[in-house]
Amino acid sequence: MIRIARSFGRSGTLSAFDFGPMPMLIGAAESADVRSFVDGAIGAVIAHDRKHNTPYLETLAAYLREGCRAQACADAMGLHVTSLRYRLSRIQDLFGIDPETADKRFAIELAIRLHGVIESSEVTVA
């Protein structure tokens, strides 16, 4: 908890409720099982984006954030809706990711959030 408080620039008397779900996610991010889950769910997308400088993970995250509404997502990203649909099609073709069912959508969103926590905790430690 102290490490988490310091990473958020907080001091004084604190509890886990002061941070919402972040302490649990940060604690879990250090688990090999969580890292394996993230890698299995979106690892190929992350690797592809890094290698080819593509925005697939960003697109997927934005699409989920906008409730899988194509026009709202395209507007938020500053894209034409046809471009967004093309990206989503490529994501499905390349990685087999289709966030149209509730279970898959939840797993992908959880993996994206955990990936963000893992990335931020590695930057904080470095």
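Small disclaimer: the values here were computed from a predicted structure and weren't measured.

Reading the values: the criteria
- Once a new chain begins, its residue numbering starts again from 1 and follows that chain's sequence as written.
- At least 70 in pLDDT is required for a residue's local features to be given in this predicted model, at least 80 for side-chain atom pairs to be given and counted, and no such filter applies to totals for whole chains, interfaces and linings, which use all residues.
- Neither water nor hydrogens contribute to the side-chain values; these are computed over all heavy atoms in the structure.
- Numbering of helices and strands starts at the N terminus; helices are DSSP runs of H or I of at least 4 residues and strands are runs of E of at least 2.
- Exposure classes here rest on a 1.4 Å probe applied to the protein chains alone. A residue is buried below 20% of its type maximum, exposed above 50%, and partly exposed in between.
- Throughout, a contact is declared for two residues whenever any of their heavy atoms are within 4.5 Å.
- Residue exposure ignores everything except the shown protein chains as possible cover, and the areas themselves are Shrake-Rupley values with a 1.4 Å probe.
- Note on geometry: axes are C-alpha line fits, over the in-contact stretch for helices, and angles between N-to-C directions span 0 to 180 degrees.
- Under this scheme an angle from 65 to 115 degrees is roughly perpendicular, one under 35 degrees roughly parallel, and one over 145 degrees roughly antiparallel; angles in between are oblique.
- By definition, any crossing whose near helix is turned counterclockwise from its far helix by less than a right angle is left-handed, and any crossing with a clockwise turn is right-handed.
- Each residue is assigned to one of three groups, with Ala, Val, Leu, Ile, Met, Phe, Trp, Tyr, Cys and Pro labelled nonpolar, Asp, Glu, Lys and Arg labelled charged, and all others, Gly among them, labelled polar.
- Disulfide assignment relies on a single distance test, namely cysteine sulfur atoms paired within 2.5 Å.
- Throughout this description, the term salt bridge denotes a Lys or Arg side-chain nitrogen within 4 Å of a carboxyl oxygen of Asp or Glu.

Engineer: Outline the overall build of the protein, supporting the account with residue identities and numerical values.
Structural biologist: When helices and strands are tallied, the protein shows seven helices and zero strands. Starting at the N terminus, the α and β elements of the protein follow one another as α-α-α-α-α-α-α. Split into buried and exposed, the 126 residues of the protein put 36% on the buried side. Restricting the contact set of the protein to residue pairs at least 6 apart, pairs at least 24 apart contribute 53%. Accessible surface for the protein amounts to roughly 7800 Å². Of this, 54% is attributable to carbon and sulfur atoms.

Engineer: Which residues make up the packing of helix H4 (residues 56-65) against helix H5 (residues 70-77), and what values go with them?
Structural biologist: Closest axis-to-axis distance for the H4/H5 pair is 9 Å, and the angle between their directions is 125 degrees. The pairing of H4 with H5 is recorded here as oblique in orientation. In the packing of H4 onto H5, the handedness of the crossing is right-handed. On the side of H4, the interface is formed by Glu58, Thr59, Ala62 and Tyr63, while H5 contributes Ala70, Cys73 and Met77. In terms of residue class, the contact of H4 with H5 is built from five nonpolar, one polar and one charged.

Engineer: Which residues make up the state of the cysteines, and what values do they have?
Structural biologist: Linking two cysteines covalently through their sulfur atoms gives a disulfide. Within this structure, the stated rule accounts for zero disulfides. For the unlinked cysteine Cys73, the closest cysteine sulfur is that of Cys68, found at 8.9 Å.

Engineer: Help me get a handle on the pattern of salt bridges, residues and values and all.
Structural biologist: Applying the stated rule across the entire model yields three salt bridges. Taking the shortest distance from any N to any O, the salt bridge between Glu119 and Arg50 comes out at 3.3 Å. Residue Glu119 is found in helix H7 (residues 102-125), and its partner Arg50 is found in helix H3 (residues 32-52); the two are separated by 69 residues along the sequence. Glu119 gets classed as partly exposed once you look at its relative accessible area, which sits at 28%. Looking at Arg50, the relative accessible area reads 59%, which means it is exposed. One salt bridge connects Glu66 with Arg69, and the closest N-O pair in it is separated by 3.6 Å.

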